[in-house]
Amino acid sequence: MDKLDRTDRKILQLLQQDCRITTKELAEKLHLSNTPVYERVKKLERSGIIKGYVARLDPDKIDRSMMVFISILLTKHTRDVVDKFEAEVLALPEVMEFYYTSGNYDALLKLMVKDMKAFQFFIQEKLSKFEHISRFNSTFVISSADKLGYDL
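Overview of the structure. Treat the numbers as computed from the prediction; the structure is a model and nothing was measured.

### Section: the environment of Asp8
With respect to the element layout, Asp8 can be found in helix H1 (residues 6-17). Assessed through its relative accessible area of 2%, Asp8 is described here as buried. For the pair Asp8 and Val95, spaced 87 residues apart in the sequence, the C-alpha separation amounts to 33 Å.

Quick look at the structure:
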């Protein structure tokens, strides 16, 4: 999609706030009829700008209240090693995000675990089994704030 116009940006802003909003409600907020709004949303989906719709869960209510970032140094940096490592760590339920990085470490993982005991289990029984990890550093999150969506 070449360029987003003002209406597309407003649709995206509203969907980021509430992805369950109906086409009718979107149309009312935009002062348009349903059909053009529906067609614009479908166009945004087909173009890949809208990748999907998800429910955000409260980590405290699903026993995942402890957030940890793990910086990892790999022993090998070939494409196949990095791709395999990425796929395997993302398959672990504790790992929420994976980043391949530059700098002192090669990868950054975002973990969500219940508590320190669950973190210890993750390190000893899961992460330590990976072949190409040279060393890692853990950073424990004291508090966090996030921004929902992108400013367009």
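### Description of the layout of surface pockets
If you add up the space inside the largest pocket, you get close to 1600 Å³. In this structure, the largest pocket is lined by 38 residues; those nearest its centre are Val54, Arg56, Asp146, Leu148 and Gly149. Mapped by element, the contributors of at least two residues to the lining of the largest pocket are H1, strand S1 (66-74), strand S2 (95-100) and strand S3 (107-113). Per-element accounting of the lining of the largest pocket gives the leading share, four residues, to H1. The residue makeup of the lining of the largest pocket, split by class, is 21 nonpolar, seven polar and 10 charged. Counting the residues that make up the lining of the largest pocket, at least three belong to each of domain 1 (6-47) and domain 2 (59-140). There is about 160 Å³ of room inside the second largest pocket. Taken together, Leu74, Asp80, Val81, Lys84, Phe85, Glu88, Lys129, Phe130, Glu131, His132 and Ile133 form the lining of the second largest pocket. The dominant element in the lining of the second largest pocket, judged by the number of residues it contributes, is helix H4 (residues 79-90), at five residues. Looking at side-chain class alone, the lining of the second largest pocket contains five nonpolar, one polar and five charged residues.

### Brief notes about unusual backbone geometry
If you check the backbone angles, His31 has positive phi at about 60° while not being a glycine. As for its placement among the helices and strands, His31 is situated in the loop between helix H2 (23-30) and helix H3 (34-46). Despite not being glycine, Asp63 has its phi angle at roughly 55°, a positive value. With respect to the secondary-structure elements, Asp63 resides in the loop between H3 and S1. When its relative accessible area of 45% is taken as the criterion, Asp63 is described as partly exposed.

### Considering the sheet that holds strand S4 (residues 133-140)
In space, the four strands of this open sheet follow the order S2-S3-S1-S4, with antiparallel pairing throughout. Taken across any chain shown, the strands that pair with only one partner, and hence form the sheet edges, are S2 and S4. With direction set aside, neighbouring strand axes in the sheet form an average angle of 20°. Strand direction decides the pairing type here: S1 and S4, joined by seven bridges, are antiparallel. Residue pairing in the sheet places Ser71 in a bridge with Asn137 of S4.

### Topic: the packing of H1 against H3
Direction vectors running N to C along H1 and H3 enclose 80°, while the axes themselves pass 11 Å from each other. Taken as axis vectors, H1 and H3 run roughly perpendicular relative to one another. Seen from H1, the contacting residues are Thr7, Asp8, Ile11, Leu12 and Leu15; seen from H3, they are Arg40, Val41 and Leu44. When its residues are assigned to classes, the contact of H1 with H3 shows five nonpolar, one polar and two charged.

Cut-offs and rules
Residues numbered from 1 in each chain as written. Predicted model: local features only at pLDDT ≥ 70, side-chain atom pairs only at ≥ 80, totals over all residues. Heavy atoms only, no water. Helix = DSSP H or I, 4+ residues; strand = E, 2+ residues; numbered from the N terminus. Buried < 20%, exposed > 50% of the residue type's maximum accessible area, 1.4 Å probe, protein only. 1 Å grid on protein atoms, 1.4 Å probe; cavity = no way out; pocket = protein on both sides within 12 Å on 5 of 7 lines; lining within 4 Å. Points joined across faces, edges and corners; volume = space filled by probe spheres on them. Nonpolar A, V, L, I, M, F, W, Y, C, P; charged D, E, K, R; others polar. Domains from an automatic or database assignment. Pairing = 2+ DSSP bridges. Axes fitted to C-alpha atoms, helices over the stretch in contact; angles between N-to-C directions. Parallel < 35°, antiparallel > 145°, perpendicular 65-115°, else oblique. Contact = heavy atoms within 4.5 Å.

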